Amino acid sequence: ELPFVNHSLAAGRGEPHAGPSPGYIAAALPAADGEYQLNVLSDTHFSALCTLLGQPTWPSELRFVELSTRAAAIRRDVLPALQAWASTKTKREAA
């Protein structure tokens, strides 16, 4: 994983954290032609991201609601979905 992905998800493990809401993503992620910046700073942002990924129910699922399980669920489910989605997009389209 990219270092800042680890940092932005660290709050879900009770580690020191500054930036977005605990356990959400703030990172440069790969697109087809480079990287794009993704900043998920709130529950509202996360809900919009899940809708974009075709998973509008994710924000209400306990694994994403509970801070103790959010980071693991994002690593397991959201990051792979983002990678698949962005793999066919230019960095401009993904941003």
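To be clear, the structure that these remarks concern was listed above.
Structure report, in brief. Not measured: the values here are computed from a predicted model.

1. Focus: the nonpolar core
Move 1: Ile25, Tyr36, Leu38, Phe46, Ile74, Val78 and Leu82 are the most contacted members of the largest nonpolar core, which has 22 residues in total.
Move 2: Contributions of two or more residues to this core are made by strand 1 (26-31), strand 2 (34-39), helix 2 (43-52) and helix 4 (67-86).
Move 3: Leaving out residues up to four positions away in the same chain, Leu82 has contacts with Ile25, Leu29, Tyr36, Leu38, Leu49 and Leu53.

2. With respect to the pattern of salt bridges
Move 1: Evaluated as defined, the whole model comprises three salt bridges.
Move 2: Between Asp77 and Arg63 there is a salt bridge, with its nearest N and O atoms 2.0 Å apart. With a gap of 14 residues between them, Asp77 in helix 4 and Arg63 in helix 3 (residues 62-65) connect regions that are remote in the sequence.
Move 3: Notably, a salt bridge pairs Arg76 with Asp77, separated by 3.5 Å at the nearest N-O pair.
Move 4: The network of salt bridges with shared partners includes Glu61, Arg63, Arg76 and Asp77.

3. Side note on the side chain of Arg70
Move 1: Along the polypeptide, Arg70 turns up in helix 4.
Move 2: Lacking a salt bridge, the buried Arg70 has Asp43 as its closest oppositely charged neighbour, with an N-O distance of 4.4 Å.
Move 3: Among the polar contacts made by the side chain of Arg70, one reaches the main-chain carbonyl oxygen of Val65 at a distance of 3.4 Å.

4. Notes on the packing of aromatic side chains
Move 1: According to the stated counting rule, one finds four aromatic pairs in the structure shown.
Move 2: Ring geometry for Tyr24 versus Phe46: centroids 5.1 Å apart, planes at 25°, classification stacked. One end of the pair, Tyr24, is in the loop between helix 1 (3-9) and strand 1; the other, Phe46, is in helix 2, and 22 residues separate them in sequence.
Move 3: Among the residues examined, Phe46 registers a relative accessible area of 2% and is labelled buried.
Move 4: Measuring from ring centre to ring centre gives 6.5 Å for Tyr36 and Trp85, while their planes differ by 70°; the resulting arrangement is edge-to-face. With Tyr36 in strand 2 and Trp85 in helix 4, the pair connects residues that are 49 residues apart, well separated along the chain.
Move 5: Judged by its relative accessible area of 3%, Tyr36 is buried.
Move 6: Every member of this aromatic cluster is reached through a ring pair, and the members are Tyr24, Phe46, Trp58 and Phe64.
Move 7: Just above the ring of Tyr24 sits the side chain of Arg70; from NZ or CZ to the centre is 4.4 Å.

5. With respect to the packing of helix 2 against helix 4
Move 1: Put simply, helix 2 and helix 4 touch, their axes get as near as 11 Å, and they point 45° apart. Judged on the interaxial angle alone, helix 4 and helix 2 are oblique. Of the two possible hands of crossing, helix 2 and helix 4 adopt the one that is left-handed. In this structure, helix 2 uses Asp43, Phe46, Leu49 and Leu52 to contact helix 4, whose residues at the interface are Arg70, Ile74, Val78, Leu82 and Trp85.
Move 2: Looking at the contact of helix 2 with helix 4, its residues break down into seven nonpolar, no polar and two charged.

The rules we used
- Residues numbered from 1 in each chain as written.
- Predicted model: local features only at pLDDT ≥ 70, side-chain atom pairs only at ≥ 80, totals over all residues.
- Heavy atoms only, no water.
- Core = buried A, V, L, I, M, F, W, Y, C linked by side-chain atoms within 4.5 Å.
- Buried < 20%, exposed > 50% of the residue type's maximum accessible area, 1.4 Å probe, protein only.
- Helix = DSSP H or I, 4+ residues; strand = E, 2+ residues; numbered from the N terminus.
- Contact = heavy atoms within 4.5 Å.
- Salt bridge = Lys/Arg side-chain N within 4 Å of Asp/Glu carboxyl O.
- Lys, Arg positive; Asp, Glu negative; His and termini not counted.
- Polar contact = N/O pair within 3.5 Å; in protein donor to acceptor, adjacent residues only side chain to side chain.
- Phe/Tyr/Trp six-rings, centres within 6.5 Å; stacked < 30°, edge-to-face > 60°.
- Lys NZ or Arg CZ within 6 Å of the ring centre and 35° of its normal.
- Axes fitted to C-alpha atoms, helices over the stretch in contact; angles between N-to-C directions.
- Parallel < 35°, antiparallel > 145°, perpendicular 65-115°, else oblique.
- Left-handed = near helix turned anticlockwise from the far one by under 90°.
- Nonpolar A, V, L, I, M, F, W, Y, C, P; charged D, E, K, R; others polar.

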